Amino acid sequence: MQRVYNFSAGPSVLPLEVLEKAQSELLCYGDSGMSVMEMSHRSKAYGEIIESAEALLREVMNIPENYKVLFLQGGASLQFAMIPFNLSKSKKSDYVNTGNWSSVAIKEGKRFSDINIVASSEDKNYSYIPELDKSKFTPDADYFHYTMNNTIYGTRFREYPDAGDVPLVCDMSSSILSEVYDVSKYGIIYAGAQKNIGPAGVTVVIIREDLIGHAVPGTPVMLDYKTHAEKGSMHNTPPTYGIYLAKLMFEWIKSKGGVAEIQKINEAKANMLYDAIDESKVFTAHVQNKKDRSLMNVPFFSKSEEIDKNFIKICTANGLVTLSGYKTVGGMRASLYNGMPIEGVKLLVEQIKKFDKENQ
Ligand SMILES: *Cc1c(COP(=O)(O)O)cnc(C)c1O
């Protein structure tokens, strides 16, 4: 077996220890005599798994008591609709447009609500985080939506937007658990699992209790947060195996000393890579403003597509895979999620330095 270093933006690398643990329990979980995949979600054994997943997430993210944790399906993309279904009291909301996923969220939100785009970085291919001018905010908006980390463009917010009493709603799909966040600042945090939590198929929603129970008339039962909050994410069959793997991932984070320690490793990994790109004469980072740079996704490119392709080919031959950039940015994109070991980043940095010397 030859495992590679997988820089995919998602679904993405999981820690080897997590996969090995899952492997060791694959055929028989505890003394149940069966795999977690085969278990009734109403069984005692599974009840313990989902409860433990929630408790661990609460612990590592320091989630206050007055928030519910939901394990849903439909990806972050379904949240783009669920949020307006549940929060659109006055049909006015504020959005920040910092990339592809923000734009998709805005497009979906417009079907339900009058959307005010308070700031956008579209003018420079989303290569920076725009300044937020409070005078442009809607004081009585139903919510204020933004994307914490822009997976495709490699930018990230460093400060919490100050929307006053308006609930902050944040898409944390590609940065949840990568650095310490203050959950109490938010109305809703949501994240598709396939970047930093586990396999695709689970969506984590962390929601302040007072925001539950106000879905607009006609909201489908499955899209009402109340349905899932009242039933402990067990209204219907939850994505059982994905939640089990998420539990293993949360355990792994805890075993590493928690999110604060993981953040230090992530900063070390990202700094190492950005330094190599900044020092190189061949490569340029898509995001030049250091303050705006993502810890998780690092897009960079050379002066030609041909050089990019050649570099990707060399990396692939050396076990560093899935480095092609997204079509709207081009070049390369290295995703450095929690599961990416620092050794993988060191090897990528070595390839950058070598390539730089040979191609000047
Ligand atoms: C991947 C991603 C999405 C889309 O997630 P799905 O689970 O595929 O719907 C949305 N937002 C961000 C920030 C992402 O990285």
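Reading guide: rules and limits
Residues numbered from 1 in each chain as written. Predicted model: local features only at pLDDT ≥ 70, side-chain atom pairs only at ≥ 80, totals over all residues. Heavy atoms only, no water. Helix = DSSP H or I, 4+ residues; strand = E, 2+ residues; numbered from the N terminus. Expected span 1.5 Å × (residues − 1). Buried < 20%, exposed > 50% of the residue type's maximum accessible area, 1.4 Å probe, protein only. Arc of directions from axis to C-beta. Near = heavy atom within 4 Å. Polar contact = N/O pair within 3.5 Å; in protein donor to acceptor, adjacent residues only side chain to side chain. Areas by Shrake-Rupley, 256 points an atom, 1.4 Å probe, with all protein chains shown as cover. Domains from an automatic or database assignment. Contact = heavy atoms within 4.5 Å. Buried area = accessible area lost by both parts, 1.4 Å probe. Salt bridge = Lys/Arg side-chain N within 4 Å of Asp/Glu carboxyl O.

Over its 13 residues, helix α8 (residues 305-317) extends 18 Å from the first C-alpha to the last, a length consistent with the 18 Å expected when each residue adds 1.5 Å. Here α8 has its buried residues at Asp-308, Phe-311, Ile-312 and Cys-315. Axial view of α8: buried residues confined to an arc of 100 degrees, hence all on one face. Exposed and facing more than 90 degrees away from the buried side of α8 are Glu-306, Lys-309, Lys-313 and Ala-317. Backbone geometry just after α8 places Gly-319 at a positive phi near 80 degrees.

Right, let's get into the site of the ligand. Around the ligand, a shell composed of 13 residues is seen, among which Ser-77, Thr-151, Asp-171, Gln-194 and Lys-195 lie nearest. Here a nitrogen atom of the ligand sits 2.6 Å away from a polar atom, N or O, in the side chain of Asp-171. In the model, an oxygen atom of the ligand is placed 2.7 Å from a nitrogen or oxygen of the Lys-195 side chain. About the coverage of the ligand: the protein hides 87% of its 390 Å² of free accessible area.

Split into domains, the protein chain comes out as domain 1 (16-255) and domain 2 (257-359). For domain 1 and domain 2, the distance between their C-alpha centroids amounts to 27 Å. Listed as interface residues are 29 residues of domain 1 and, on the opposing side, 25 residues of domain 2. Both sides together, the interface formed by domain 1 and domain 2 hides about 2300 Å², and carbon and sulfur atoms give 52% of it. Inspection of the region where domain 1 meets domain 2 yields zero salt bridges. There are 19 residue pairs in polar contact (both at pLDDT 80 or more) connecting domain 1 and domain 2.

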